[in-house]
Amino acid sequence: MSSDRVTWLREMTALGVLSEALLVDLAAALQVEPFQENRRLVLEDTPPQALYILRSGRLETYRTSLDGPVEAASLLPGAVIYLQELLLDRPARQTVITLSDGELWTLPREAFEAFSRQHPEFARTFSQQLADELAAVASQLAREQERANALRPYLIPKARRGVVGASRYASRLRSQIKEAANDRHPVLLFGEGGTGKVNAAALIHFMSEHRREPLIRLNSGALQASGADLFGRAGGKPGLIDLLGRGTLVLDHAQDLRPELMEKLLELLRSGTYTPISRDGEPVPTLPSEARIIFTAEQVVPSLGEGKQLLGHTIRVPPLRVRKEDIDAQVNYYASLFCRAEGIPRPRVAPEALRRLQSYDFPGNLPELQSLVERAIIQARRESGSADVLTEEVFWAASEKKRSFRLNLLDAYPALRNFLRSPWWPERINYSVTFGLFAVVVALLFLGPQSRDRNVALNLFWAWWWPLVLFTFPFVGRSWCAVCPFMIYGEVAQKLSLWLYPRRLKAWPRQSADRWGGWFLFGLFSLIFLWEELWHLENVAYLSGCLLLLITAGAVIFSLLFERRFWCRYLCPIGGMNGLFAKLSLIELRAQQGVCSAECTTYQCYRGGPQKGEGLETLGCPVYSHPAQLEENRDCVLCMTCLKACPHRSVELNLRPPGIELWTSHTPTAHEVALLLLLFGGIFLHHLPKILTQLGLTWDLGNFGIHAGVALLALLLPVGVTLFAYGIIRLLNGKLKPRSFIELAYGYLPLVLGGSLAHYLHLGLTEAGRVLPVSAMTFGYNLATLPVMTAHPAVVEFLQGMTLLVSVLLTIVLTQKVARQPFRVLLPQHLAAILMTWELWQVIVGT
């Protein structure tokens, strides 16, 4: 029986490489284990309990995959299972199940380990075999990686399109491409520029049975005359022909091939072999090649000569001027591509426009037609707001020059226009969500637990609202003001008071408000900072509730006195901060001044009025800003009242370079700079104990007077640093007349926003994810099992650090853009920004 086992192991399994004596001992140690159908032997990623040898029956192995198909394979008698895993002491890579009844020879794990210790030759033999296999795999992987890296710059991933049209020219071209795809003969595609020759070559390749092989395109005029890049060098790097394997090589502009290189290519076509380039002229053996060659050319290829007979297919790609019948299909095809990419309906082409297109010869062929169609759709949408029909005029009229670096999102995304003009933005959001939610939050602040780790309202205010609103400023500007609960209650109070006591509200004292309003909100924000620091506002619920109610009270009181949103425009401290940071936004609301001045006579976007045309009935801009006169984002709360009221489609919501108004149309003001530096100082104030520790000071912050004095010094820290830096600039560059301090101070704005965000990121990434258990504790339930999502401290520090680094770089760039002076002149301010960033890094990131 033992000799039969040994013979079977030698002939039927991979264990036949072992010596006779070792096979005899192994055969004696094996145990017979019958199995039944549909039994799982071992589960993947668990330690195998034995070495299995399939004697009879059928097994299947599989491994599950979360991002791909299940890897499965059938095993036949003679399969040795889990040998590598036991030798390397690793878990099973695959699950094994039985597909039929059968018999296994097994060697339990303990016995296998003992057998390996008793016979070192056993482990040594298979370890060497594994090493050889690994070396082979590594070599193959390195070869494939080298091949992929070398071919990547030239790859054509797919054909751009099929042959569009039903003319006899299009039908013949399709037939020729299909014929060429059925074999491996060389091909010459020739025709005028822009006719789609390379795309036809791609169609030939991807319609063939070798479509999974690479397709590369080379510019013939850029190839070395020696052919080293194609054929490689003897003893050096392989050429592209070698790396290509059974793929396809497209030699574009073949008329530019040098005669000596063409001769070598013709030899490749003739014999299927090539010779690598020798450095010293010594003979080099020829190598076989299975690559397919496709030439494209715009004119005769003189260097081909008699080699034309080696070509299996010569295909002439016709120009567009002889395919006038296909222009209709081509226009609809390009319109479909463009409209699908933009998410807009495809327009139809007016018959007179099509006739005019068919009368044109299109010297640029397909690219010229595609560009013409796309421009026509854009122009039609700009002029009429839609592109249902492309008329004759939009194909040939010159496009109006638009402002530089702007993209009107309302034209690009009609669904966005529809939403912003709908009752949902912002009225329904305000009165169905924000109004009630704010009331609940304030009630919980007063009635719920008073610490942030037990009060969900406090968690929402400090860990959710602050990080999110700071993060969104660069993207949506001052949009928060459109759904702000403070002014919702102000408007409700205004409407109720006018209903109960009809009267004419006071007009805005604009001159006084422009002069003093900014300083009023600066003072309010200063008090808020001191209140927050001295009374630990962020961790005392009822005090945070008082803050919200006080701001709401201001909105209500001024809404009862003045028309519209006087509080929002001039006095709200949160609105002042929002207006300042909104200058960095990627979007802006503006209007086409030419349209407004030429067509508008009612100014409904500003004054309000009844429905007119597509303009809806509104009460006018709540902050008295005319969109055509807006020069910066500070004076727009993005409520979209003007968009709804305008009957001329003049209002635009533009995507723009962030902060562009700061170096173009911006007017600096002293009170805004004061607020900017106050917000900057507030970041340092939030980390006052760390700063004192850093300075080695042991002042007692439990003493109210000392604490208040030190807090004021922290708020003034950026003022001192920035003024000192500006003084150095004036001292060193007095003759250049540098810009004023209030102009240059806006350069710090990205750093102020980034520093504020970096501070609140800690709360947002560590406490915001505890909202569920905190919500339960707010109502007296201690549900510790509720899910919690918090970031690792290292992740928080990384994001905080990256925020600061990006912010200081943007600060330097913005300062240069605002000042428009040499870098060396502004170096003191740049160094001041870097110094304060370093200090923020110390106290926020803590490294």
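J.: Whenever I open this one, empty space enclosed by the protein confuses me. Can you help?
T.: Space left empty within the atom packing is revealed by a probe, the size of a water molecule, rolled over the atoms. Counted under the stated rule, the structure contains 6 cavities of 30 Å³ or more. Empty space within the largest cavity amounts to approximately 110 Å³. Taken together, 15 residues line the largest cavity, and the ones lying closest to its centre are Arg161, Gly162, Val163, Thr195 and Leu366. Counting residues per element, the ones that place at least two in the lining of the largest cavity are α6 (168-181) and α7 (197-206). In terms of residue count, α7 provides more of the lining of the largest cavity than any other element does, 3 residues in total. Grouping the constituent residues of the lining of the largest cavity by class yields 8 nonpolar, 5 polar and 2 charged.

J.: For this particular structure, what's the right way to read the nonpolar core?
T.: Soluble, globular proteins show a tendency: their nonpolar side chains are buried together. Counting 111 residues, the largest nonpolar core has Leu470, Phe581, Leu679 and Phe680 as its most contacted members. With 11 residues, helix α18 (residues 456-476) is the largest single contributor of residues to this core. Counting residues in each nonpolar core, the second largest holds 29 residues, with Leu230, Phe231, Leu244 and Leu268 among its members.

J.: Is there a simple way to think about the packing of helix α11 (residues 327-342) against helix α12 (residues 351-358) in this case?
T.: The axes of two packed helices give the description: the angle between them and the distance between them. For the pair α11 and α12, interaxial distance at closest approach is 10 Å and the crossing angle is 115°. Put simply, α11 runs roughly perpendicular to α12. The element α11 and its partner α12 pack so that their crossing is right-handed. Of the residues in α12, those touching α11 at Ile327, Asp328 and Val331 are Leu354, Leu357 and Gln358. The class makeup of the residues in the contact of α11 with α12 is 4 nonpolar, 1 polar and 1 charged.

J.: Teacher, can you tell me more about the side chain of Asp326 here?
T.: By secondary structure assignment, the location of Asp326 is in the loop between β15 (313-316) and α11. By relative accessible area, Asp326 is classed as buried at 1%. Reaching out from Asp326, the side chain makes a polar contact with the backbone nitrogen of Ala166 at a distance of 3.1 Å. Contacts of Asp326, omitting those with residues within four sequence positions, involve Val164, Gly165, Ala166, Ser167 and Ala170.

J.: Explain helix α27 (residues 670-685) here, please?
T.: Since there are 3.6 residues in each turn of an α-helix, residues three or four apart along the chain are aligned in direction. With 16 residues, α27 ought to run about 22 Å at 1.5 Å a step, and its terminal C-alpha atoms sit 22 Å apart, in line with that. α27 sits mainly inside the fold: 15 of its 16 residues count as buried.

J.: Got a minute to help me understand the pattern of salt bridges in this structure?
T.: Oppositely charged side chains are able to pair whenever their charged atoms sit close together. Applying the stated criterion across every chain, the model contains 25 salt bridges. Arg270 is paired through a salt bridge with Glu267; the nearest N and O atoms lie 3.0 Å apart. Here Arg270 pairs with Glu267, and both are found in helix α10 (residues 259-271), just 3 residues apart, close to one helical turn. Judged by its relative accessible area of 47%, Arg270 is partly exposed. The partner of Lys583 in a salt bridge is Glu672, with the nearest N and O atoms 3.3 Å apart. With Lys583 in the loop between α23 (573-581) and β19 (587-591) and Glu672 in helix α27, this residue pair connects regions lying 89 residues apart in the sequence. Here Glu672 falls in the buried class, since its relative accessible area comes to 4%. In this structure, a network of salt bridges that share partners links the residues Arg569, Lys583, Glu632, Arg634, Asp635 and Glu672.

Reading guide: rules and limits
Residue numbers restart at each chain and count upward from 1, following the sequence in its written direction. Under the rules for a predicted model, residues below a pLDDT of 70 receive no local features and side-chain atom pairs below 80 are neither given nor counted, while totals for whole chains, interfaces and linings still include all residues. For the side-chain quantities, the full set of heavy atoms in the structure was used; hydrogens and water were omitted. Points on a 1 Å grid over protein atoms alone make up a cavity when a 1.4 Å probe fits among them but cannot get out, and a pocket when they form an open set with protein on both sides within 12 Å along at least five of seven lines; lining residues each have an atom within 4 Å of a point. Grid points are joined across faces, edges and corners, and a volume is the space filled by probe spheres set on the points. Helix and strand labels come from DSSP, where a helix needs a run of H or I of at least four residues and a strand needs a run of E of at least two; each type is numbered from the N terminus. Ten residue types, Ala, Val, Leu, Ile, Met, Phe, Trp, Tyr, Cys and Pro, are classed as nonpolar, four, Asp, Glu, Lys and Arg, as charged, and the remainder, Gly among them, as polar. Joining through side-chain atoms within 4.5 Å is the link that ties buried Ala, Val, Leu, Ile, Met, Phe, Trp, Tyr and Cys residues into a set, and such a set is a nonpolar core. Burial here depends on accessible area, computed with a 1.4 Å probe over protein chains only, as a share of the maximum for the residue type. Under 20% is buried, over 50% is exposed, and the range in between is partly exposed. For helices, the fitted axis covers only the stretch in contact; all axes are lines through C-alpha atoms, and the angles between them, taken along N-to-C directions, range from 0 to 180 degrees. With respect to orientation, any angle under 35 degrees is reported as roughly parallel, any angle over 145 as roughly antiparallel, any angle of 65 to 115 as roughly perpendicular, and every other angle as oblique. Left-handed describes a crossing in which the near helix is turned anticlockwise from the far one by less than a right angle; the clockwise case is right-handed. Any two residues whose heavy atoms approach within 4.5 Å are treated as being in contact. Polar contact is the term for a pair of N or O atoms within 3.5 Å; when the atoms are in protein, one must be able to donate a hydrogen and the other to accept it, and sequence-neighboring residues count only if both atoms are side-chain atoms. Here, expected helix span is obtained from the residue count minus one, scaled by 1.5 Å. Salt-bridge detection follows one rule: a side-chain nitrogen of Lys or Arg within 4 Å of a carboxyl oxygen of Asp or Glu.

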